[in-house]
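# Structural features, examined
What follows is the residue order along each chain.
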Amino acid sequence: MSRLGPEFLLGAGRQGFYIPDMFRDFLTRLTAPQPEPLSDGDARLALTALLVRIARSDNDYAAAEIDRIDRITAARYGLSPAEAAGLRGQAETLEAEAPDTVRFTRAIKDAVAYDDRRAVLEAAWSVVLADGERAGEEDALLRLVASLLGVSDLDSNLARQKA
């Protein structure tokens, strides 16, 4: 697992953090008019950042949601708990600097295969339900995300039921 250096803690981005060049470059590539397909590592980061965005949408980024994101990424990508937490940490930084949800999600749709997008929607429902509450903001965001990801209504409903 790579570690973020001290430059990560310095400076002033939207969340009071310096945004490393790797994230800036990633966002530039992701939101290009015709993005290239994402590498496996970039797809992991983008999809994990989307889970973080959904978890934060009700302004209550609960420990249960954080734990669920870590468990999802560990299982999905074969990561150790420490590696999953590291990926989530990078995803939190990326999410804080990512463009609006519409452009960010549309860019993911253009770069990630349908089956992976459907699986992410199921994971997102799992995160939303992790804290035992279904906030209206989270429901609305997931409906929007499903549409923007190009996931059919039927697959979206099945994903919620499986979660």
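Criteria and thresholds
- Residues numbered from 1 in each chain as written.
- Predicted model: local features only at pLDDT ≥ 70, side-chain atom pairs only at ≥ 80, totals over all residues.
- Heavy atoms only, no water.
- Helix = DSSP H or I, 4+ residues; strand = E, 2+ residues; numbered from the N terminus.
- Buried < 20%, exposed > 50% of the residue type's maximum accessible area, 1.4 Å probe, protein only.
- Contact = heavy atoms within 4.5 Å.
- Areas by Shrake-Rupley, 256 points an atom, 1.4 Å probe, with all protein chains shown as cover.
- Lys, Arg positive; Asp, Glu negative; His and termini not counted.
- Salt bridge = Lys/Arg side-chain N within 4 Å of Asp/Glu carboxyl O.
- pLDDT = per-residue confidence, 0-100.
- Core = buried A, V, L, I, M, F, W, Y, C linked by side-chain atoms within 4.5 Å.
- Expected span 1.5 Å × (residues − 1).

## Side note on the overall build of the protein
Per the secondary structure count, the protein includes 8 helices and 0 strands. The secondary structure elements of the protein, listed N-terminal to C-terminal, are α-α-α-α-α-α-α-α. Among the 163 residues that make up the protein, the fraction classed as buried is 47%. In the protein, 75% of the contacts between residues at least 6 apart in sequence involve partners at least 24 apart. When the accessible area of the protein is evaluated, it comes to approximately 8,400 Å², of which 50% is carbon and sulfur surface.

## Examining the side chain of glutamate 65
Along the chain, the position of glutamate 65 falls in helix H3 (residues 63-77). Buried and unpaired, glutamate 65 has no salt bridge, with arginine 56 as the nearest side chain of opposite charge at 8.7 Å. The contact partners of glutamate 65, leaving out residues within four places of it in the chain, are Ala55, Asp58, Asp60, Val127, Val128, Ala130, Asp131 and Glu138.

## Digging into the confidence of the model for the protein
The predicted model of the protein has a mean per-residue pLDDT of 80, with 85% of residues at 70 or higher. The low-confidence segment residues 1-19, where pLDDT is below 50, has 31 contacts with residues more than four positions distant or belonging to other chains.

## Brief notes about the nonpolar core
Leu38, Leu50, Leu51, Ile54, Ile108 and Leu121 are the most contacted members of the largest nonpolar core, which totals 43 residues. For this core, the elements supplying multiple residues, two or more each, are helix H1 (21-30), helix H2 (40-56), H3, helix H4 (81-97), helix H5 (101-111), helix H6 (114-129) and helix H7 (136-148). Here this core gets 10 residues from one element, more than from any other, and that element is H2. Sequence-distant contacts of isoleucine 54, that is, excluding residues within four places in its chain, are made with Ala124, Val128, Glu138, Leu141, Leu142 and Val145.

## Comments concerning the pattern of salt bridges
Across all of its chains, the model carries 9 salt bridges by this definition. Here glutamate 95 ties to arginine 56 by a salt bridge, and the two come within 2.5 Å at their closest N and O atoms. You can see glutamate 95 sitting in helix H4 and its partner arginine 56 sitting in helix H2, a full 39 residues away along the chain. What makes glutamate 95 buried here is its relative accessible area of 7%. Owing to a relative accessible area of 26%, arginine 56 belongs among the partly exposed residues under this scheme.

## Quick look at H4
Spanning 17 residues, H4 covers 25 Å between terminal C-alpha atoms, matching the ideal 24 Å at 1.5 Å per step. Considered for burial, the residues of H4 that qualify are Ala84, Leu87, Arg88, Gln90, Ala91, Glu92, Thr93, Leu94, Glu95 and Ala96.

## Quick look at the environment of glutamate 138
One can find glutamate 138 in helix H7. In the structure, glutamate 138 is positioned 84 residues away from isoleucine 54 in sequence and 6.5 Å away in space, judged by C-alpha atoms.

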